[in-house]
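Each chain, written out:
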Amino acid sequence: MKIGIASDHGGYALKEAVKRHFNAIDFDDVGTHSAESCDYPDFVALLCRKIQKGELERGIVICGTGIGASITANKMRGIRAALCCNEFMAEMAKRHNNANVLALGARVLGDELAMRIIARWLDSSFEGGRHQKRLDKIDGIEKAP
Ligand code: RB5
């Protein structure tokens, strides 16, 4: 399973910790590659473009709060990014919203909680049914002029 991962400087340390913790996962790390100050939209957009092109199915985006990363990702067509602060949100983000991007706030979460959130999101499955109908409505809104 290949998973995209992106961060700005605020999320850089957590991004590196995630790669170490989930060392069985083949991460496509699109950057940033140092703790030097940078702009989160640049790296989040790189990751989301790969999802749009079908090169990746899903990804994790990390900034200080997760807010900027999630706002950026959700501007992009076909991206359903969920900013999750606990495991319940991560599970629901997959089961009900089929979130293809998980957004995390490195300055909000401790590393251990962040790992549990990621694990729950990875282990959960989309339920479809009435939830698919709602996602179809989101697609319709996205495509509206
Ligand atoms: C960077 O200082 C910080 O603004 C960024 O990581 C993020 O929290 C934005 O939403």
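Residues numbered from 1 in each chain as written. Predicted model: local features only at pLDDT ≥ 70, side-chain atom pairs only at ≥ 80, totals over all residues. Heavy atoms only, no water.

Comments concerning helix α4 (residues 87-95)
Quick reminder of the rule: Buried, partly exposed and exposed residues are distinguished by accessible area as a fraction of the type maximum, computed with a 1.4 Å probe on protein chains only: under 20%, between the cut-offs, and over 50%, respectively. A run of DSSP states H or I qualifies as a helix once it reaches four residues; a run of E qualifies as a strand once it reaches two. Both are numbered from the N-terminal end. Residue contacts are defined here by distance: any two heavy atoms, one from each residue, within 4.5 Å place the two residues in contact. Contacts described as polar in this section are N or O atom pairs within 3.5 Å, which, within protein, must combine one atom able to donate a hydrogen with one able to accept it, while residues neighboring in sequence count only if both atoms come from side chains.
The set of residues buried in α4 consists of A90, E91, M92, A93 and K94. The elements touched by buried residues of α4 are β4 (81-83) and α5 (111-123). With a side-chain oxygen lying 3.2 Å from the backbone nitrogen of F88, the N-terminal cap of α4 falls on N86.

Examining the layout of surface pockets
Rolled over the atoms, a probe with the dimensions of a water molecule shows which regions are left empty. Applied cut-off: A 1.4 Å probe that fits but cannot get out identifies a cavity on a 1 Å grid over protein atoms alone, an open set with protein on both sides within 12 Å along at least five of seven lines counts as a pocket, and a residue lines either if it has an atom within 4 Å of a point. Grid points are joined across faces, edges and corners, and a volume is the space filled by probe spheres set on the points. When residues are sorted by character, Ala, Val, Leu, Ile, Met, Phe, Trp, Tyr, Cys and Pro go into the nonpolar class, Asp, Glu, Lys and Arg into the charged class, and all the rest, Gly among them, into the polar class.
Its boundaries defined by the atoms lining it, the largest pocket holds a volume of some 180 Å³. As for the largest pocket, its lining consists of N74, G78, I79, R80, A81, A82, N97, A99, L135, I138, D139 and E142. For the lining of the largest pocket, the secondary structure elements donating two or more residues are β4 and α6 (130-143). For the lining of the largest pocket, the leading source of residues is α6, giving 4 residues. Broken down by class, the residue content of the lining of the largest pocket amounts to 6 nonpolar, 3 polar and 3 charged.

Some thoughts on the packing of α4 against α5
For the record, the criterion: A fitted line through C-alpha atoms serves as each axis, taken over the contacting stretch for helices, and the angle formed by two N-to-C directions is quoted from 0 to 180°. For classification purposes, an angle smaller than 35 degrees is called roughly parallel, one larger than 145 roughly antiparallel, one from 65 to 115 roughly perpendicular, and anything else oblique. Helix crossings fall into two classes, left-handed where the near helix is turned counterclockwise from the far one by less than a right angle and right-handed where it is turned clockwise.
Running from amino to carboxyl end, α4 crosses α5 at an angle of 25°, the nearest separation of the two axes being 8 Å. Comparing their axes, α5 and α4 come out roughly parallel. Considering the relative orientation of α4 and α5, their crossing is right-handed. Along its contact with α4, which presents E87, A90, E91 and K94, the element α5 presents L113, R116, I117, R120 and W121. Classifying every residue of the contact of α4 with α5 gives 4 nonpolar, no polar and 5 charged.

As for the site of the ligand
The criterion, for reference: Neighbouring residues are identified by heavy atoms, a residue being near a molecule or strand if any of them is within 4 Å of it. Computed with a 1.4 Å probe, the accessible areas rest on the Shrake-Rupley method; for each residue, only the protein chains presented here act as cover.
Near the ligand you find D8, H9, Y40, C63, G64, T65, G68 and R107, and these make up its full shell. Take G68: an N or O atom from its main chain is 2.9 Å from an oxygen atom of the ligand. Taking 290 Å² as the accessible area of the ligand by itself, protein coverage stands at 71%. Here the shell around the ligand is composed, by residue class, of 2 nonpolar, 4 polar and 2 charged.

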